[in-house]
Amino acid sequence: MRDGLEGLLGGRRLSPVQRRIAHYLSDHLEEAIFLSSVELAERAGVSQPSVTRFAMVLGFGGYPELRQALRPLVLGGRPEGGSLLRGAIDDEIRNLTLIRDRLAALPLKELGESLAATEPLPVLGLRVSSGLATTFAYFARRVHPDVRLLVHGGSELVDGLHAARRAGAEWVVAVVLPRYPAEVVQALEYAGKLGLRTAVITDGPGFPADVVLDAPVGERLVFDSHAAPLALAMALVEAMADAAPLRTQARLEEYERMTEDTGTFLSAGEPA
């Protein structure tokens, strides 16, 4: 890959700023081929126009054309699902291993007890985070009597938080994954003004909330993958279930009877 990059540089004399870009590409080419010009500029420590000028110095019309020329250096002419996907899965394995090794330090038990005790329990997730929020809420409803999913912004979100607090809620759980909607931060600030405590599942420890459960996302592909945050969300559901074992048992048994009576699911071995 370095030889291919050197070939594109063609022995050109680069400015100090352009050398910083070239050095970053040389050290992080597998990652860089999926970065935007703004993201590359941030990581290389230069301005976005410098990235554009760098591409044009190499004879390209702009950065997108340079990025397209760099991709075969990483992919080796093979289908993009080969080494790239293996690398992405390897990253997720590392992310899951990190969460496994940090489990003892995470406040899962304490948070699970608090969430199990609050009724109702609002669960918030906007845009890309709505998928994980929906999954968390779906399983949380199996062990909690009143989970309220909030995946629409605007006044509907404000109404939902206000109604939950009026009904007795003490906590709100929010899933906040990149890219972070500004509206989520505003909603959590409003939740705090209402007197709700905030618990956030996100990808970094610095998010402003009462409790932060952080798990890294996979960044190797064009769009992030969320294996580690999903595992963390399911661990939190488990903690909620453990916090109220008798209620959990009664609700799960009732749910099983309901699904059997209504034929909700196919029996094992039954054709679709």
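What comes next is a walk through the structure. (Residues numbered from 1 in each chain as written. Predicted model: local features only at pLDDT ≥ 70, side-chain atom pairs only at ≥ 80, totals over all residues. Heavy atoms only, no water.)

Side note on the pattern of salt bridges
Link 1 in the chain: Throughout the structure, instances matching the rule amount to seven salt bridges.
Link 2 in the chain: Between Lys 109 and Glu 113 there is a salt bridge, with the nearest N and O atoms lying 2.7 Å from each other. Of the two residues, Lys 109 and Glu 113 both sit in helix 8 (residues 108-117), four residues apart, roughly one turn of that helix.
Link 3 in the chain: Residue Asp 146 pairs with Arg 148 through a salt bridge whose shortest N-O separation is 3.3 Å.
Link 4 in the chain: On the basis of relative accessible area, Arg 148 is assigned to the partly exposed category, the value being 30%. (Salt bridge = Lys/Arg side-chain N within 4 Å of Asp/Glu carboxyl O. Helix = DSSP H or I, 4+ residues; strand = E, 2+ residues; numbered from the N terminus. Buried < 20%, exposed > 50% of the residue type's maximum accessible area, 1.4 Å probe, protein only.)

Description of the packing of helix 8 against helix 12 (residues 227-243)
Link 1 in the chain: Contact pair helix 8 / helix 12: the axes reach a minimum separation of 7 Å and the direction vectors enclose 65°. In the packing of helix 8 onto helix 12, the handedness of the crossing is right-handed. Two secondary-structure elements touch here, helix 8 through Leu 108, Lys 109, Leu 111, Gly 112, Glu 113, Leu 115 and Ala 116 and helix 12 through Leu 232, Ala 235, Leu 236, Ala 239, Met 240 and Ala 243.
Link 2 in the chain: Partitioned by chemical class, the residues of the contact of helix 8 with helix 12 number 10 nonpolar, one polar and two charged. (Axes fitted to C-alpha atoms, helices over the stretch in contact; angles between N-to-C directions. Left-handed = near helix turned anticlockwise from the far one by under 90°. Contact = heavy atoms within 4.5 Å. Nonpolar A, V, L, I, M, F, W, Y, C, P; charged D, E, K, R; others polar.)

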